[in-house]
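# A look at the structure
Here are the chains, one letter per residue:
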Amino acid sequence: MRALTLIADRKLELVEVADPSPPAAGEVQIRIKAVALNHIDLWGFRGMAFAKRKLPLVAGAEAAGEIAEVGPGVTGFRPGDPVAMYGALTCGACKACREGRDNLCENVGGIMGFHIDGFARDLLNVPARLVIPVPPGVCARDAACAPIAFATVQHMLFDNAKLEPGETVLVHAGGSGIGTAAIMMAKAIGCTVITTVGDDGKAEKAKALGADYVINYRKDRFEGVVRRITGKKGVDVVFEHVGAETFNGSLLCLKRGGRLVTCGATSGPSVTLNLMQLFQQQYRIVGSFGASLRNIRESLAKMAAGMLPVIDCEVPLLDFQRGLSRLESRQVFGKIVVTF
Ligand SMILES: [Zn+2]
């Protein structure tokens, strides 16, 4: 079978490897159908000095497929069932896992495609408890965007920022995979959505997706525009993932007692924080990373109800690296999906 393998920093190779052995007790064997790309793939591809990992490493952090074989003792899955997979090897036994806070697992074995072998291969065995059924009507390409893109947004907006119907939210980088999902999820509960984009073409697309206000951050300072839109009140929630370039501006956009939730730092990891502003304005800043199994189920249910991910493009497995370059260039609107 094929496996797309990172053999050195910025060096991917499609290799032939032996099929996995039959699934052990409690495992299922998955035939991968689609892998969606995320910034974590880029971090892994570029190489991160602090990441605990060994090369070669199979790429791919977010995927969907179908059950190829069911191991002993596994109930609830049959060959041919469409499924999506959790993207980290959690223990399933610690307090966090037992409470359904999977992304806070105390004994996590690593993130797939980043610390440990990922999904960009034809077949793999995984614990059945980390496999989520895909509801009817959701294709593999779309389901592949559930475990990270949709579920991360679901976790950020609803578990962490506690976004409520009728609130106003600023979504940064509305053309990104998670940005497009955030616009749709916030609009679906009746929020007012302000979003930022880097060019006018994306502005039109973001409006078509439901954003009420779109700011081209290359033309206008978004902080000023947000203050004008909200009549100087500010927004209830900021959805951050851009990092250094936008973080302080994002805080200025918040109303008193507002919440900022962040899951990324694409433009850089360090900022200077004004603590006076933080406590006087009673901001709540929440870091968010990954999602729970429940968030993936919720995401797939949203897809089944018609909220489909925005797909920028599909590329074949051989062109995985071309997909990464496109992601790195930021010239995307929605998700890049690698198909098998
Ligand atoms: Zn655990």
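Residues numbered from 1 in each chain as written. Predicted model: local features only at pLDDT ≥ 70, side-chain atom pairs only at ≥ 80, totals over all residues. Heavy atoms only, no water.

### Comments concerning the pattern of salt bridges
Pairing is possible between side chains of opposite charge, provided their charged atoms come close. Taken as a whole, this structure holds 17 salt bridges when the rule is applied. Notably, a salt bridge pairs Arg-101 with Glu-99, separated by 2.7 Å at the nearest N-O pair. Overlapping salt bridges, with partners in common, bring together Arg-10, Arg-46 and Glu-328 in one network. (Salt bridge = Lys/Arg side-chain N within 4 Å of Asp/Glu carboxyl O.)

### A word on the coordination of the zinc ion
Distances from the zinc ion to its protein donors, namely Cys-91 (SG), Cys-94 (SG), Cys-97 (SG) and Cys-105 (SG), fall within the range 2.3 to 2.4 Å. Metal-centred angles of 103 to 119 degrees between the four donor atoms at the zinc ion mark the site as tetrahedral. The sequence motif formed by the donor residues of the zinc ion is C-x2-C-x2-C-x7-C. Classification of Cys-91 as partly exposed rests on a relative accessible area of 24%. Classification of Cys-97 as buried rests on a relative accessible area of 10%. (Donors = N, O, S within 2.8 Å, 3.2 Å for Na, K, Ca; no water. Tetrahedral: all angles 85-135°; square planar, octahedral: opposite > 155°, others 65-115°. Buried < 20%, exposed > 50% of the residue type's maximum accessible area, 1.4 Å probe, protein only.)

### Considering the packing of helix H1 (residues 39–46) against helix H11 (residues 320–329)
Contact pair H1 / H11: the axes reach a minimum separation of 10 Å and the direction vectors enclose 110 degrees. Comparing their axes, H11 and H1 come out roughly perpendicular. Contacts from His-39, Asp-41, Leu-42, Phe-45 and Arg-46 of H1 reach H11 at Gln-321, Leu-324, Leu-327 and Glu-328. Grouping the amino acids of the contact of H1 with H11 by side-chain chemistry returns four nonpolar, two polar and three charged. (Axes fitted to C-alpha atoms, helices over the stretch in contact; angles between N-to-C directions. Helix = DSSP H or I, 4+ residues; strand = E, 2+ residues; numbered from the N terminus. Parallel < 35°, antiparallel > 145°, perpendicular 65-115°, else oblique. Contact = heavy atoms within 4.5 Å. Nonpolar A, V, L, I, M, F, W, Y, C, P; charged D, E, K, R; others polar.)

### Details of the pairing of strand S10 (residues 192–197)
Counting buried residues in S10 gives five out of six residues, a clear majority hidden from the surface. Alignment of strand S9 (residues 168–171) against S10, held across four bridges, turns out to be parallel. Bridge pairing in S10 places Thr-168 opposite Thr-192. Handedness of the crossover joining S9 and S10 through helix H5 (residues 177–188) is recorded here as right-handed. The pairing of S10 with strand S11 (residues 213–216) spans four bridges and is classified as parallel. Across the sheet, Thr-196 pairs through a bridge with Ile-215, a residue of S11. In terms of handedness, the path from S10 via helix H6 (residues 200–208) over to S11 forms a crossover that is right-handed. (Pairing = 2+ DSSP bridges. Right-handed = clockwise from strand over helix to strand, strands pointing away.)

### Topic: the packing of aromatic side chains
For the structure shown, the criterion picks out zero aromatic pairs. The side chain of Arg-53 reaches across the aromatic face of Phe-114, ending 5.7 Å from its centre. (Phe/Tyr/Trp six-rings, centres within 6.5 Å; stacked < 30°, edge-to-face > 60°. Lys NZ or Arg CZ within 6 Å of the ring centre and 35° of its normal.)

### Some details on the layout of surface pockets
Size it by volume and the second largest pocket reaches roughly 250 Å³. Trp-43, Arg-46, Ala-265, Thr-266 and Gly-268 are, among the 13 residues lining the second largest pocket, the residues nearest its centre. Among the elements of the structure, H1 and H11 are those that each provide at least two residues to the lining of the second largest pocket. A total of four residues in the lining of the second largest pocket trace back to one element, the largest contributor, which is H1. (1 Å grid on protein atoms, 1.4 Å probe; cavity = no way out; pocket = protein on both sides within 12 Å on 5 of 7 lines; lining within 4 Å. Points joined across faces, edges and corners; volume = space filled by probe spheres on them.)

### Things to note about a nonpolar patch on the surface
Residues Leu-273, Leu-275, Met-276, Phe-279 and Ile-285 make up a contiguous nonpolar surface patch of roughly 470 Å² in combined accessible area. Tallying contributions element by element places helix H9 (residues 275–280) first for the nonpolar patch, with three residues. Along the polypeptide, Met-276 turns up in helix H9. (Patch = residues over 30% accessible without salt bridge, like charges linked within 9 Å, V, L, I, M, F, W, Y side chains within 5 Å. Areas by Shrake-Rupley, 256 points an atom, 1.4 Å probe, with all protein chains shown as cover.)

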